[in-house]
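Now for the letters of each chain:
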Amino acid sequence: MSGLKTIALRGLLALAVSLAALTAREVTAAESAAPSTAIHFIFDRPIDASMAPFFLAAKDGKFGAEHLNVSFNTAAGSPEALARVARGDSELALVDINELIRFRDKEDAAPVKAVFVLFNRAPYAIVARRSRGIHLLPDLDGKTVGVADGDLSMRLWPALVQQNNINTSRVKFHKISAAVREPILSAGQVDAVAGFSHLSAVNLRDRGVPGGDLVVLRYADYGCEAYGFAVVANPAFAATKPDAVKGFVRALIAGINATVKEPARAADEAASRIDDGDRELEQERLRTVLVDNILTDEVRRNGLGDIDPARLERSIDQIAQDFKFRKRPAAGDIFDDRFLPPVASRLIN
């Protein structure tokens, strides 16, 4: 009799295990069959290795795991990318957060907000030649600086020189096109150029300018409080599909973590999306971005993606030194932290 009971119990156990496995398969199948949310994501400039975390997140299936179907495109600058997001042509975009601050001051501007900050420090810099006697910011006195039309770094130049009590009356600004920014400096036609540290400085070394002859005067090292590139969201999309925005942010954080662990693979993935992309050049660019702009002390303390409201307020004040606001925005008008996961999920080891 006890033998029959044992056989019966074994049969029931086997049936329970089979039912549990069947249920797990059904749940997995249901999750796989869950409809994906399409996201048109736009970068505000041509592709470079600083965008590697997005591409690695896509490559590793992190967006798919969040039931997102993400496509990438590029725009000709932050104003154009912001206009597309405001219209709803793109759900999300990567833009200069300082351009977002200026955009929000426009009459009837859509209430676009940043939901994740990628660059904790803005990449604004003056890249100069030591052989021209430039070692520090005050050394620009009497020198010629090449500035491309629409260069974003010059929007915060007035605040920078005021904060450092620098007399710039003898600094000569020479207008150039962005296409000749590095060639004109490498040829010695100007003493320095304004731009982004991860673009101009790395490109100049690639053009054969000795690294020892280059000095990168980062605005952040001279008291500039500005954040850099951030992910912004279409307000209607963020309101109706908040889980999609949260999922995108989680996937991007996974992409950043993977980039930090495997920078060479990340740079290769970015380079593969660039016509005639130079993998070694993009690897150097990515290393520069990680050290200077993404993995800052503030990020190591407080995690990826967030802002310090007081610091953002100070950066808005610095923008106001060269931009007359109709109505000065507050930090809460610019950044929305509701889509960020808990701090523990955003810490970088």
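Since this is a predicted model, take the numbers as computed values, not measurements.

Draft legend 1. Highlighting the layout of surface pockets. By volume, the largest pocket amounts to about 660 Å³. For the largest pocket, the lining is made up of 30 residues, of which Arg45, Pro46, Ala178, Arg181 and Leu199 are closest to its centre. Looking at the lining of the largest pocket, the elements that each hand over two or more residues are α4 (78-87), α7 (181-186), β8 (192-196), α8 (197-206) and α12 (279-294). Classifying every residue of the lining of the largest pocket by side-chain character gives 12 nonpolar, 7 polar and 11 charged. The computed volume of the second largest pocket comes to approximately 180 Å³. Elements that contribute at least two residues to the lining of the second largest pocket include exactly β4 (113-117) and α9 (235-240). Among the residues making up the lining of the second largest pocket, the classes are represented as 8 nonpolar, 1 polar and 3 charged.

Draft legend 2. Focus on the pairing of strand β7 (residues 172-176). Bridge count for strand β6 (residues 144-148) against β7 is 5 bridges, and the pairing is parallel. Paired with Ala148 across the bridge in β7 is Ile176. Once you follow β6 into helix α6 (residues 157-163) and on to β7, the crossover reads as right-handed.

Draft legend 3. Region of the structure containing the pairing of strand β5 (residues 124-129). In terms of burial, β5 is largely enclosed, as 6 of its 6 residues are buried. Along β5, one buried face is formed by Tyr124, Ile126 and Ala128 and the opposite face, lined by Ala125, Val127 and Arg129, is buried too. In the sheet, β5 pairs with β8 via 5 bridges, with the strands oriented antiparallel. Bridge pairing in β8 places Ala128 opposite Ala192. Summarising the sheet, β5 and strand β9 (residues 214-218) pair through 5 bridges and their orientation is antiparallel. Residue pairing across strands places Val127 opposite Val216, the latter belonging to β9.

Calculation rules
Residues numbered from 1 in each chain as written. Predicted model: local features only at pLDDT ≥ 70, side-chain atom pairs only at ≥ 80, totals over all residues. Heavy atoms only, no water. 1 Å grid on protein atoms, 1.4 Å probe; cavity = no way out; pocket = protein on both sides within 12 Å on 5 of 7 lines; lining within 4 Å. Points joined across faces, edges and corners; volume = space filled by probe spheres on them. Helix = DSSP H or I, 4+ residues; strand = E, 2+ residues; numbered from the N terminus. Nonpolar A, V, L, I, M, F, W, Y, C, P; charged D, E, K, R; others polar. Pairing = 2+ DSSP bridges. Right-handed = clockwise from strand over helix to strand, strands pointing away. Buried < 20%, exposed > 50% of the residue type's maximum accessible area, 1.4 Å probe, protein only.

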